[in-house]
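Each chain, letter by letter, is given below.
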Amino acid sequence: MIKKKLCLLGILGVGKTSLIKKYVQNIFSENYLVTVGVKVDKKNIVLPDGQEVVLIIWDMEGQDDFRNFADSYLRGLSGYFVVADGTRRESLSTAKSIALTMKNMFPNAESTFLINKADLKEQWKTTEADIIELNFCNSSCYKTSAKTGENVEEAFVDIAARMAKKDHV
Amino acid sequence: MSDEKENPGLDERLKDLDPQEIYNIKALMKRMQGGNITPVAVGKTLPEAVLIGDEGSQRLSKSMTGITERSIAASVEENPEALTTALFPIIGSAIRKALEKFLAEFMDSMNRGLEKTLSVKRLQWRYESIKTGVPYLEIVLRETIQYRVEHVFLIHKKTGILIKDVSIEGKTGPDSDMVAPMLSVIRDYIKDSMALKKSEEVDSIKAGAHTIMVEDGPYATLALFVRGNADIKARTAAQEVLETVHLRYGSVFKAFSGNMKPFDGVESLLKRCLISQGRQSEKKKPVYAISLLSIILLAFLTFGILGIVSGQSRKALIKSLDAEPGIVVVSSKTLFGKTKLKLLQDPRAKMAQDVASSVKTSLLRYTLVSEPYLSPLFSDSMPANKAVPEELLALGRKLAEIVLYFEQDSDELRTGQEGAVREAGNILSELIGKSAAYGFSTSVDIVGHAAGNVQDEAALLISDIRAKKAFALFAEINTHLVNYVKALGLGISEPLVPIELTEEDRIKNRSVTFKAIFEQIK
Ligand SMILES: Nc1nc2c(ncn2[C@@H]2O[C@H](COP(=O)(O)OP(=O)(O)OP(=O)(O)O)[C@@H](O)[C@H]2O)c(=O)[nH]1
Ligand SMILES: [Mg+2]
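Residues numbered from 1 in each chain as written. Chains lettered and ligands numbered in written order. Predicted model: local features only at pLDDT ≥ 70, side-chain atom pairs only at ≥ 80, totals over all residues. Heavy atoms only, no water.

A.B. asks: Would you explain the overall build of chain B in this entry?
C.D. replies: For chain B, the count of helices and strands is 17 helices and 13 strands. Burial status across chain B gives 34% buried among its 522 residues. Expressed as a percentage of contacts within chain B between residues at least 6 apart in sequence, the contacts between residues at least 24 apart total 66%. Accessible surface computed for chain B: about 31,300 Å², of which carbon and sulfur atoms make up 60%. (Helix = DSSP H or I, 4+ residues; strand = E, 2+ residues; numbered from the N terminus. Buried < 20%, exposed > 50% of the residue type's maximum accessible area, 1.4 Å probe, protein only. Contact = heavy atoms within 4.5 Å. Areas by Shrake-Rupley, 256 points an atom, 1.4 Å probe, with all protein chains shown as cover.)

A.B. asks: Before we go on, may I ask you to explain unusual backbone geometry in this structure?
C.D. replies: Residue and element names in this part refer to chain A. The phi dihedral of Lys117 falls on the positive side, at around 70°, and the residue is not glycine. Taking the relative accessible area as the measure of exposure, Lys117 reaches 24% and is therefore partly exposed. A positive phi is found at Asn151, a non-glycine position, where the angle reads about 60°. By secondary structure assignment, the location of Asn151 is in the loop between β6 (141–143) and α5 (152–165). What makes Asn151 partly exposed here is its relative accessible area of 24%.

A.B. asks: Sorry if this is basic, but what is going on with the pattern of salt bridges here?
C.D. replies: Two side chains bearing opposite charge may form a pair once their charged atoms approach each other closely. Counted under the stated rule, the structure contains 26 salt bridges over all chains. Among the salt bridges present, the one from Lys434 of chain B reaches Glu430 of chain B, with a minimum N-O distance of 3.0 Å. Here Lys434 of chain B pairs with Glu430 of chain B, and both are found in helix α15 (residues 418–438), just four residues apart, close to one helical turn. Among the residues examined, Glu430 of chain B registers a relative accessible area of 34% and is labelled partly exposed. A cluster of three or more residues bridged by salt bridges with shared partners is formed by Lys3 and Lys42 of chain A together with Asp175 and Asp177 of chain B. (Salt bridge = Lys/Arg side-chain N within 4 Å of Asp/Glu carboxyl O.)

A.B. asks: Whenever I open this one, the sheet that holds β6 of chain A confuses me. Can you help?
C.D. replies: Strands pair in a sheet through their backbones, by hydrogen bonds, and they do so in one of two ways: parallel or antiparallel. Residue and element names in this part refer to chain A. An order of β2-β3-β1-β4-β5-β6 is seen for the six strands of this open sheet, with the pairing classed as mixed. For this open sheet the edge positions go to β2 (38–46) and β6, each flanked by a neighbour on one side alone. Direction aside, neighbouring strands of the sheet carry axes that sit 25° apart on average. Bridge count for strand β5 (residues 110–116) against β6 is three bridges, and the pairing is parallel. Each residue of the ladder has a partner; that of Ile115, found in β6, is Lys143. (Pairing = 2+ DSSP bridges. Axes fitted to C-alpha atoms, helices over the stretch in contact; angles between N-to-C directions.)

A.B. asks: What's the story with the site of ligand 1 in this structure? I'm lost.
C.D. replies: Residues and elements named next belong to chain A. Near ligand 1 lie 23 residues; those nearest to it are Thr17, Ser18, Ser29, Glu30 and Tyr32. In this structure, an oxygen atom belonging to ligand 1 sits 3.3 Å away from a main-chain N or O atom of Val14. Here the element with the most residues in the shell around ligand 1 is helix α1 (residues 16–25); it accounts for three residues. (Near = heavy atom within 4 Å. Polar contact = N/O pair within 3.5 Å; in protein donor to acceptor, adjacent residues only side chain to side chain.)

A.B. asks: I would appreciate a short explanation of the interface of chain B and chain A in the present structure.
C.D. replies: Where interface size is quoted, it is often the accessible area lost as the parts come together. At the junction of the two partners, chain B supplies 20 residues and chain A supplies 21 residues. Along the contact surface separating chain B from chain A lie four salt bridges. Measuring nitrogen to oxygen at the nearest pair gives 2.7 Å for the salt bridge that ties Lys3 of chain A to Asp177 of chain B. Between the two partners, chain B and chain A, sit eight residue pairs in polar contact (both at pLDDT 80 or more). Within the residue set of the side of chain B that touches chain A, elements represented by two or more residues are β2 (162–167) and α8 (176–193) of chain B. Taken together, the residues of the side of chain B that touches chain A break down into ten nonpolar, five polar and five charged. (Nonpolar A, V, L, I, M, F, W, Y, C, P; charged D, E, K, R; others polar.)

A.B. asks: Looking at this structure, I do not really get the side chain of Lys3 of chain A. What am I missing?
C.D. replies: With respect to the secondary-structure elements, Lys3 of chain A resides in strand β1 (residues 2–9). The residues contacting Lys3 of chain A, other than those within four sequence positions of it, are Val54 of chain A together with Ile161, Leu162, Ile163, Asp177, Ser257, Gly258 and Met260 of chain B.

A.B. asks: Looking at this model, I keep getting lost on the environment of Lys22 of chain A. Mind explaining?
C.D. replies: Summarising the element assignment, Lys22 of chain A is placed in helix α1. Along the sequence, Lys22 of chain A and Lys147 of chain A sit 125 residues apart, while their C-alpha atoms lie 7.7 Å from each other.

A.B. asks: What should I look at first to understand a nonpolar patch on the surface in this one?
C.D. replies: A contiguous nonpolar surface patch, about 420 Å² in accessible area, is contributed by Leu12, Tyr32, Val34 and Val36 of chain A. Structurally, the position occupied by Leu12 of chain A is in the loop between β1 and α1. (Patch = residues over 30% accessible without salt bridge, like charges linked within 9 Å, V, L, I, M, F, W, Y side chains within 5 Å.)

A.B. asks: Help me understand the nonpolar core in this model?
C.D. replies: Note that soluble globular proteins tend to have their nonpolar side chains buried in a common cluster. Core analysis: the largest hydrophobic core is formed by 56 residues, its most contacted members being Leu154, Leu222 and Leu224 of chain B. Per element, the largest residue contribution to this core is eight residues, and it comes from helix α9 (residues 232–254) of chain B. (Core = buried A, V, L, I, M, F, W, Y, C linked by side-chain atoms within 4.5 Å.)

A.B. asks: Looking at this structure, how should I read the sheet that holds strand β10 (residues 404–405) of chain B?
C.D. replies: Residue and element names in this part refer to chain B. Across the sheet, four strands lie side by side as β10-β13-β11-β12; this open sheet has mixed pairing. Each edge of the open sheet carries a strand with a single partner, namely β10 and β12 (485–489). Strand contacts of helix α14 (residues 390–401): β11 (440–448) and β13 (511–520), with the helix running at about 165° to β13, the strand carrying the most contacts.

A.B. asks: Just checking my understanding: could you explain the coordination of the magnesium ion (ligand 2) for this structure?
C.D. replies: Tetrahedral coordination by four donors places them ideally at 109.5 degrees to one another around the metal; octahedral coordination by six donors ideally gives 90 or 180 degrees. Every protein donor of the magnesium ion (ligand 2) is accounted for by Thr17 of chain A (OG1) and Thr35 of chain A (OG1), and the metal-donor separations fall at 1.9 to 2.0 Å. A residue pair is termed long-range when its members are at least 10 positions apart, and Thr17 of chain A in helix α1 and Thr35 of chain A in the loop between α1 and β2 qualify at 18 residues. (Donors = N, O, S within 2.8 Å, 3.2 Å for Na, K, Ca; no water.)

A.B. asks: Even after reading the chapter, I still don't get the packing of aromatic side chains, so can you show me in this structure?
C.D. replies: Any aromatic ring pair is given by two values, namely how distant the centres are and how the planes are angled relative to each other. The final tally for this structure, using the stated rule, is eight aromatic pairs over all chains. Ring geometry for Phe81 of chain A against Phe156 of chain A: centres 5.0 Å apart, planes inclined by 90°, an arrangement best described as edge-to-face. Of this pair, Phe81 of chain A sits in strand β4 (residues 79–85) while Phe156 of chain A sits in helix α5, and the two are 75 residues apart along the sequence. For the pair formed by Phe81 of chain A and Phe156 of chain A, the shared burial category is buried. Ring geometry for Phe474 of chain B and Phe514 of chain B: centres 5.6 Å apart, planes at 65°, overall edge-to-face. Pair noted here: Phe474 of chain B is in helix α16 (residues 457–477) and Phe514 of chain B is in strand β13, with a separation of 40 residues, a long-range link. For Phe474 of chain B, a relative accessible area of 1% corresponds to the buried category. (Phe/Tyr/Trp six-rings, centres within 6.5 Å; stacked < 30°, edge-to-face > 60°.)

A.B. asks: Even after reading the chapter, I still don't get the packing of α14 of chain B against α15 of chain B, so can you show me in this structure?
C.D. replies: To characterise two packed helices, one gives the angle between the axes of the helices and the distance between these axes. Residue and element names in this part refer to chain B. Direction vectors running N to C along α14 and α15 enclose 160°, while the axes themselves pass 10 Å from each other. Considered as vectors, α14 and α15 are oriented roughly antiparallel to each other. Remark: the crossing between α14 and α15 carries left-handed chirality. Taken together, the residues of α15 that come into contact with α14 (itself represented by Glu391, Leu392, Leu395, Gly396, Lys398 and Leu399) are Ala424, Ile427, Leu428, Glu430, Leu431, Lys434, Ser435 and Tyr438. Residues of the contact of α14 with α15, tallied by class, amount to eight nonpolar, two polar and four charged. (Parallel < 35°, antiparallel > 145°, perpendicular 65-115°, else oblique. Left-handed = near helix turned anticlockwise from the far one by under 90°.)

A.B. asks: Before we go on, may I ask you to explain the side chain of Glu110 of chain A in this structure?
C.D. replies: Residues and elements named next belong to chain A. Looking at the secondary structure, you find Glu110 in strand β5. Relative accessible area serves as the criterion here: at 12%, Glu110 is assigned to the buried category. Of note is the side chain of Glu110, whose polar atom sits 2.9 Å from the side chain of Lys166. Excluding residues within four positions of it along the chain, Glu110 makes contact with Ser78, Gly79, Tyr80, Ile159, Arg162, Met163 and Lys166.

A.B. asks: Looking at this structure, I do not really get α9 of chain B. What am I missing?
C.D. replies: Helical geometry note: an α-helix holds 3.6 residues per turn, so side chains three or four residues apart project in the same direction. At Arg248 of chain B, α9 of chain B shows its maximal kink, close to 65°. Among all positions in α9 of chain B, only Ala234, Arg235, Thr236, Ala237, Ala238, Val241, Leu242, Val245, His246, Tyr249, Gly250 and Phe253 of chain B are buried. (Bend = angle between axes of the 7 residues up to and from the residue.)

A.B. asks: Even after reading the chapter, I still don't get the environment of Val226 of chain B, so can you show me in this structure?
C.D. replies: Residue and element names in this part refer to chain B. Following the sequence through the fold, Val226 ends up in strand β5 (residues 220–228). Here Val226 falls in the buried class, since its relative accessible area comes to 0%. Between the C-alpha atoms of Val226 and Arg148, which are 78 residues apart in sequence, the distance is 5.6 Å.

Take a look at the structure:
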């Protein structure tokens, strides 16, 4: 059995907490409770190849200015999600700068873009072009919905499998 | 042949011997002449030779002392770092051990004198227990336990990931995997908000009745959840364990990738931190002095006031005290109408007062000095005074030897165990039948176990259904038995193999065992 640390980053209200809650407990709530500081969750998964992984999932508070980010929260991560809200264009540009900073800080970590709230597609301000641009900074990208559960499990299992392959933290 | 040249006529002289002897002598001569001692040959025999040379008077060690000292000196001169690095973990603990030994001896000599106070205290607790109805044991625990380490976490420092945790039996709480990272977050938070220096670490956090004691090493952090106020002993234990963890798992930590497998077995180390400390150790002196004073005072007072005690009642009291299980009268001295009785008293025995009142004697005219002792008449499993007959004990032991094995994560018996089930059922029937004849009521706990090293709900559940399965099997054999057996799942708290290293160990721990409990029918 291996344990790996995964962090979720992104500005306020993009749905980091909701995504974790959906994945770990299969619960979604419309209520918005701002995360203060950090909260840790965990999920035991068995990868398709049979390997057991315990994901230690760190839910961070959303911050518009990523530069203030507490380095101690990120220390030792093996992977991270950068989450954006498809209905808010500014969340996407912040996501890009977060991703750049993270690539510098953790060149060996696995990462994935999540563009969340896919159930509100008709309200999305994000174009396919934006998404293609995102793919340049990162290896993978999912359109997710914490509400319907679309791509949530897939995104977590995919990054977990990639993290499990690495023989360092 | 060469030996013939040097020893002309040798064969002639040897011819009377038998062929084996001739061969031996020739071989010996060859070896003597050969003398071909090569470095390779020496290298092969040197370790053995050194061992042999050192046997008995250890002459070799003595002769090598000087050389060894000089070579160490040379090594220190050349590269002191190599040696200090190698010695660091040993020196640290050696110094601590020496100090500890000194302190322990010091405390011990002091305590021995004070131990008598304890017996007086114990009598007081007995009295309190009778007066208040609070169980005696509870009072003893309350009065003596100063702190108890309930949960120990070994945490990978950089990631905050929990490596392993151990806790005292029956302790449940939030998921340890989530507690461990939060703990490092909290410590970082405190450090940040108090603007502590980089080298200053938050090494203890107080929360309600608990203290979280934290020790940091280069790779790992050890956190102790302590009920009460831990003392230096707990801190030292934590430091020692952390040092040993680094010594043994240093290279594993260096290459840490989240893999938990290499840390199997570290639990036994962590368990060393699950200590508790009694309240008595430091504060004995005043209590002792006070109780001693009061005994002396009481002696004087009663001596002054009391008249002559009737020899008759004194004899009756001594006789009945002596007859009481767990009480031994060592000596009795009567001076000026005051009798001093020296007793050995098992804490589980009846109070001397009760014995006295049963023979209608007031203890006012007596001074009782009792020393605590453990009477063999009491066994822990049996509160009653009568010993359990050997025949029953033998059956109980036989039953305890039976183990039923189960499939992984299942209440399915592994194949080929029908015989064991039947045997357990037979012993059980015999035990219950024979118990009644001896005036004992016997019950049997069917104890379910689980493999693994985390006492979580799953472990408890699986052990519970295993115990229930065994229970059902007995019911099938003999419905009568179900009134005497009880199924209970203990999870991993009483495993057959405490430290699982191999799959075989795990197989052993997926099991059910039996525990007979004997109770005298009153
Ligand atoms: N419709 C829809 N709403 C969502 C989705 N994900 C999150 N929300 C809502 O968005 C709001 C914010 O969600 P959170 O999960 O708390 O966002 P967060 O990123 O954790 O926010 P901070 O912790 O403050 O940074 C809540 O009201 C959620 O119900 C989604 O996929 N679809
Ligand atoms: Mg949140």
